[in-house]
Amino acid sequence: MITVHHLNNSRSQRVLWLLEELGLDYQIKRYERDPKTMLAPASLREVHPLGKSPVITDGALTLAESGAVMEYLVERYGKGSLVPAPGTPEKLRYTYWMHYAEGSAMPPLLLKLVFDRIERGPMPFLVKPVARAIAARAKSSFIAPQIARHLDYLEAEIGKEGWFAGKEFTAADIQMSFPLEAAAARAGLNESRPQLMDFLKRIHARPAYRRALERGGEYQLLD
Ligand SMILES: N[C@@H](CCC(=O)N[C@@H](CS)C(=O)NCC(=O)O)C(=O)O
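Since the structure is predicted, the reported quantities are computational estimates derived from the model, not experimental observations.

About the criteria used
Residues numbered from 1 in each chain as written. Predicted model: local features only at pLDDT ≥ 70, side-chain atom pairs only at ≥ 80, totals over all residues. Heavy atoms only, no water. Near = heavy atom within 4 Å. Polar contact = N/O pair within 3.5 Å; in protein donor to acceptor, adjacent residues only side chain to side chain. Areas by Shrake-Rupley, 256 points an atom, 1.4 Å probe, with all protein chains shown as cover. Nonpolar A, V, L, I, M, F, W, Y, C, P; charged D, E, K, R; others polar. Domains from an automatic or database assignment. Contact = heavy atoms within 4.5 Å. Buried area = accessible area lost by both parts, 1.4 Å probe. Salt bridge = Lys/Arg side-chain N within 4 Å of Asp/Glu carboxyl O. Helix = DSSP H or I, 4+ residues; strand = E, 2+ residues; numbered from the N terminus.

Here we take up the site of the ligand. The full set close to the ligand counts 14 residues, and Ala40, Lys52, Ser53, Glu65 and Ser66 are the nearest of them. Measuring from an oxygen atom of the ligand, one finds a side-chain N or O atom of lysine 52 at 2.5 Å. At 2.8 Å, a backbone N or O of serine 53 approaches a nitrogen atom of the ligand. Burial of the ligand by the protein amounts to 88% of the accessible area it has alone, namely 510 Å². Taken together, the residues of the shell around the ligand break down into 4 nonpolar, 3 polar and 7 charged.

Below is the structure:
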């Protein structure tokens, strides 16, 4: 039996969604973020040394890292669904987006989250103006332009054929959902990029996405 070690408000929501799309049986073991630090509880480190979400267990296998989990589930149980045929240009695009989501799209979004927290967080009175100035500078000179460049690129890409790997919905679209939802939640993705907003509308309307939300529970994006 596949077990999803599910952290609230996290990337493991993507795994639940994929499992629902594939119609597979699975169970959820729940972990709650610390409300102050937002970190995962130490018990998740008993499953995998990094204690990050998502992580799944399947028999003797323990597997972490969203892209690896998605590819494993599709290859092991998908019977050819949600993945383009081997050797096609679509398959290469699929692989690209599977890696791009965490390797390229998430780092500037995570930097924004960290610097936003530095700006807002409590700190000694004398240090505050300096820390805030550094955070504001990092955001305006590097982070915001990087995020805008990625979003412009993605707006153009998704506009080409409707889904990230081509004309068909694939697991790459599920993998790409997290950076786009994070960008909409806290990095300025809005109606000025209509193709991406339409992508979000279409994925949110999928019955499997809705079922995954019902099973997973609260999903507000934090990091
Ligand atoms: N690149 C990793 C990132 C994993 C990650 O950072 N997960 C976050 C949840 S979205 C987490 O576990 N945060 C809690 C913590 O770091 O304690 C993946 O895609 O699996």
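Moving on from the model shown.
Considered domain by domain, the chain is made up of domain 1 (2-83 + 210-216) and domain 2 (89-206). On a C-alpha basis, the centroid separation for the pair domain 1 and domain 2 is 21 Å. The interface is formed by 17 residues belonging to domain 1 together with 19 residues belonging to domain 2. Both faces considered, domain 1 and domain 2 share a buried interface measuring about 1,600 Å² in area, 60% of it formed by carbon and sulfur atoms. If you sort the residues of domain 1 by the area they bury against domain 2, Arg11, Arg14 and Trp17 come out on top, with a joint share of 37%. Linking domain 1 to domain 2 there are 3 salt bridges. We note a salt bridge from glutamate 102 to arginine 11, for which the minimum N-O separation is 3.0 Å. There are 7 residue pairs in polar contact (both at pLDDT 80 or more) connecting domain 1 and domain 2. The set of elements that each furnish at least two residues to the side of domain 1 that touches domain 2 consists of helix H1 (12-22) and helix H2 (66-77). Broken down by element, the residue count for the side of domain 1 that touches domain 2 peaks at 5 residues, all from H2.

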